[in-house]
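Observations on the three-dimensional arrangement
Each chain, written out:
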Amino acid sequence: MTDFEYLSTTKHEQIAIVTIDRQKKLNALNDLLLKELEQVFAVLSEDDQLQGVILTGQGDKAFVAGADIKELVDLDMQTGRRGSEQGQRVFSLIEEFPKPVLAAINGYALGGGCELALACHLRIASTNAKFGFPEVSLGIIPGFGGTVRLSRLIGLGRAVEMVLTGDMISADRAEHFGLVSAVVELEDLLTESKNFLGRITRHSPLAVQKAIQSLYFAYDSRTVEALNMENDLFGQLSGSGDMKEGISAFLEKRKPMFKGD
Ligand code: DAK
């Protein structure tokens, strides 16, 4: 795996654990870190054996405490717009990743950090996690897809409340909002995240991939187009090795052994 300044990657069985490691600055996203995130997902996409990704932050304080505020000082209209496009491109790459990506949120997930978590398919938080969009306090708005993804996940009313007040919410409130799937003790976060992903990776990798594709396509499309895409994806899975295996295993009363073919 490529060497990164601010990321470390380990593999546990077929799950990659990507850790954002800029602890002294509460893992704030600077330009290089954003580029490294783009690179790491490009590298991981080449790994056919990979079944999922856990994205987390180093330390017990922050997942990501936002974009690096120091780097925002000189933004003007052009660089601001370009920066927004760049961040959105990286986060869309994560959202479009064909294997499930789970954010294990180990502390502050603020601004760009919360947007990063939103771009992941799944989110689990530790009890000390805090979520918020402080952008308006800095005279900006979320620019890495936050105003788009937040309301889809938690509804417009709650999204408006979070983005306009800039207030932080607790992990429990985030769970109540549907922003995270579960809240666990910090020391259990990685184990619980692996267990959570394990509930997905025991299934057909091909079906999981198509399910992600169908769910996200549907969210962005008119019903008729979404239903048509579901037809296509269902058709692509029909007769696949994984489908044959899943059905045979059920009929033979045994566990399936999926190969992702
Ligand atoms: N950026 C840079 N440094 C940060 C940082 C950040 N976001 N968050 C924390 N740090 C640094 C602190 O400056 C401090 O550095 P030193 O002073 O030690 O050198 C170190 O991390 C430890 O932080 P604190 O000493 O402040 O720690 P506390 O426990 O006292 O407080 C805190 C924790 C999370 C409440 C506090 O650090 C804080 O309020 N941090 C800032 C949170 C924030 O406002 N984040 C930015 C949200 S806005 C863009 C698109 C999107 C965005 C930007 C641009 N473009 C289109 C270009 C997104 C913007 C955002 O994310």
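Description of the structure in this document. (Residues numbered from 1 in each chain as written. Predicted model: local features only at pLDDT ≥ 70, side-chain atom pairs only at ≥ 80, totals over all residues. Heavy atoms only, no water.)

Quick word on the site of the ligand
The following threshold applies: Throughout, near means a residue has at least one heavy atom within 4 Å of the molecule or strand. Under the rule applied, a polar contact is a pair of N or O atoms within 3.5 Å (in protein, one hydrogen donor and one hydrogen acceptor; residues adjacent in sequence only if both atoms are side-chain atoms). Only the protein chains shown count as covering a residue, and every accessible area follows the Shrake-Rupley method with a 1.4 Å probe. Secondary structure elements follow DSSP: runs of H or I of four or more residues count as helices, runs of E of two or more count as strands, with numbering from the N terminus.
Residues in close proximity to the ligand total 25 residues, the closest being K25, K61, A65, A67 and G112. Within the backbone of A67, an N or O atom sits 2.8 Å from an oxygen atom of the ligand. At a separation of 3.0 Å, a nitrogen atom of the ligand approaches a polar backbone atom of I69. With the chains in place, 67% of the 1,100 Å² that the ligand exposes on its own is no longer accessible. Secondary-structure elements contributing two or more residues to the shell around the ligand are helix 2 (77-95) and strand 6 (108-110). Considering every element that reaches the shell around the ligand, the biggest residue donor is helix 2, with three residues.

Concerning the sheet that holds strand 9 (residues 169-170)
Put simply, the rule is: DSSP bridges decide pairing: two strands pair if at least two such bridges lie between them.
Strand order in the open sheet made by the four strands is 4-6-8-9, with mixed pairing throughout. Sheet topology places strand 4 (62-64) and strand 9 at the edges, where each strand pairs with a single neighbour. Where strand 4 lies against strand 6, two bridges are found, and the strand directions are parallel. Its bridge partner lying in strand 6, A62 is registered against Y108.

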